[in-house]
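# Overview (structure and organization)
Now for the letters of each chain:
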Amino acid sequence: MADTALTAPPRSPLSQVAGRLAAATRTSGGAVRLAELPFLAQLNVRLDAKGTVAEAVGLALDLQLPLQPNTVVRAGELTVLWLGPDEWLLVGPPGTERDLESRIRTAAGDEPVAVTDVSAQRTTLLVAGPRAHDLLAHGCALDLHPRSFGSGRCAQTTLGRTQVIVVARADSRAGFWVLVRSSFAGYLTDWLLDAATEYV
């Protein structure tokens with residue numbers, strides 16, 4: 001019988017361009033910082049936001065699910081993004097998918113809840129530095145200036161004609177997360193690197 005065990009460590013969608021991202025960061029003189037944050041745990045969660053299950057799940061995760069559109073709640077290493085009236089994306093450290101899913105399902109008990117592990121569906125790009133919002137503005141219609149899109153904000157939008165989720169980090173210096181489907185990650189990275197040449 002053939003051995004089907006994985007013999008090589010998993011590779012991130014952007015492992016081959018890590019050097020190019022680092023080079024762009026160096027040559028920009030700190031104006032922009034680009035990096036992949038690979039293998040973050042990402043769980044899509046759907047449940048009744050007005051029911052008791054939302055509170056129970058929040059308690060199990062030590063946070064409150066955001067109820068306002070396009071908002072983010074952070075607690076420790078967990079980040080929860082509002083995606084819709086009954087939909088959230090839970091982002092956590094690599095390797096925590098099963099534990100987080102178990103905690104959510106246990107807290108929900110018999111109440112209806114859908115939890116889908118979408119960690120392999122997307123990767124995350126960090127776009128930071130003093131010119132980060134200018135760089136993203138080249139291909140995004142949203143006003144990403146901190147006064148309009150500051151800490152605690154997220155949005156599903158397009159960047160360089162690619163569907164993404166943009167998340168403003170804890171403060172303006174921390175920049176943005178750009179969550180992109182793995183199949184489009186290479187294209188979007190090329191787009192970002194090309195747009196970043198303005199700051200070289």
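Preceding this paragraph is the structure being described.
Residues numbered from 1 in each chain as written. Predicted model: local features only at pLDDT ≥ 70, side-chain atom pairs only at ≥ 80, totals over all residues. Heavy atoms only, no water.

Next up on the list: the overall build of the protein. Each helix and strand counted, the protein has five helices and ten strands in total. Relative to the globule expectation of 16 Å for 200 residues, the C-alpha radius of gyration of the protein, 18 Å, shows essentially globular dimensions. If one aligns the C-alpha atoms of the protein with their principal axes, the spans along those axes are about 55 × 55 × 30 Å. When burial is assessed residue by residue, the protein has 46% of its 200 residues classed as buried. Summarising the internal contacts of the protein: among those between residues at least 6 apart in sequence, 63% fall at separations of at least 24. In the structure as shown, the protein presents an accessible area of about 10600 Å², 51% of it carried by carbon and sulfur atoms. (Helix = DSSP H or I, 4+ residues; strand = E, 2+ residues; numbered from the N terminus. Rg over C-alpha atoms; globule rule 2.2 N^0.38 Å. Buried < 20%, exposed > 50% of the residue type's maximum accessible area, 1.4 Å probe, protein only. Contact = heavy atoms within 4.5 Å. Areas by Shrake-Rupley, 256 points an atom, 1.4 Å probe, with all protein chains shown as cover.)

A few words on the pattern of salt bridges. One pass over the full model with this rule turns up six salt bridges. For D86, the salt bridge identified is with R46, shortest N-O distance 2.7 Å. With D86 in the loop between β4 (78-84) and β5 (87-92) and R46 in strand β2 (residues 41-47), the pair connects residues that are 40 residues apart, well separated along the chain. For R46, a relative accessible area of 37% corresponds to the partly exposed category. (Salt bridge = Lys/Arg side-chain N within 4 Å of Asp/Glu carboxyl O.)

Bringing the state of the cysteines into the picture now. Evaluated as defined, the whole model comprises zero disulfides. With no disulfide partner, C154 has as its closest neighbouring cysteine sulfur the one in C140, 13 Å distant. Given the relative accessible area of 1%, C154 is considered buried. (Disulfide = S-S within 2.5 Å.)

The residue T157 is located in strand β8 (residues 154-159) in this model. Beyond its immediate stretch of four places on either side in the chain, T157 contacts C140, L142, T162, Q163, V164 and V166.

Attention now goes to empty space enclosed by the protein. Under the defined criterion, the tally for this structure stands at one cavity of 30 Å³ or more. As a volume, the largest cavity reaches approximately 30 Å³. Looking at the largest cavity, the residues that line it are V45, V57, L61, L65, V80, W88, L90 and I104. Among the elements of the structure, α2 (52-61) and β5 are those that each provide at least two residues to the lining of the largest cavity. Taken together, the residues that form the lining of the largest cavity break down as eight nonpolar, no polar and no charged. (1 Å grid on protein atoms, 1.4 Å probe; cavity = no way out; pocket = protein on both sides within 12 Å on 5 of 7 lines; lining within 4 Å. Points joined across faces, edges and corners; volume = space filled by probe spheres on them. Nonpolar A, V, L, I, M, F, W, Y, C, P; charged D, E, K, R; others polar.)

This part covers the packing of helix α1 (residues 18-27) against helix α5 (residues 182-196). A pair of packed helices can be characterised by two numbers: the angle between their axes and the separation between those axes. At a closest axis distance of 11 Å, the pairing of α1 and α5 adopts a crossing angle of 20°. With respect to α5, the axis of α1 lies roughly parallel. Of the two possible hands of crossing, α1 and α5 adopt the one that is left-handed. Where α1 abuts α5, its residues R20, L21 and A24 lie against T189, D190 and L193. (Axes fitted to C-alpha atoms, helices over the stretch in contact; angles between N-to-C directions. Parallel < 35°, antiparallel > 145°, perpendicular 65-115°, else oblique. Left-handed = near helix turned anticlockwise from the far one by under 90°.)

Strand order across the open sheet formed by five strands is β3-β4-β5-β2-β6, with antiparallel pairing between neighbours. In the strand order of this sheet, the two ends are held by β3 (72-75) and β6 (113-117), each with one partner. Across the sheet, the mean angle separating the axes of adjacent strands is 20° when strand polarity is ignored. Examined bridge by bridge, β2 and β6 share five bridges and lie antiparallel to one another. Considered in β6, the bridge of R46 is made with A114. Of the strands in this sheet, β2, β4, β5 and β6 are in contact with helix α3 (residues 97-108), which crosses β6 at around 175°. (Pairing = 2+ DSSP bridges.)

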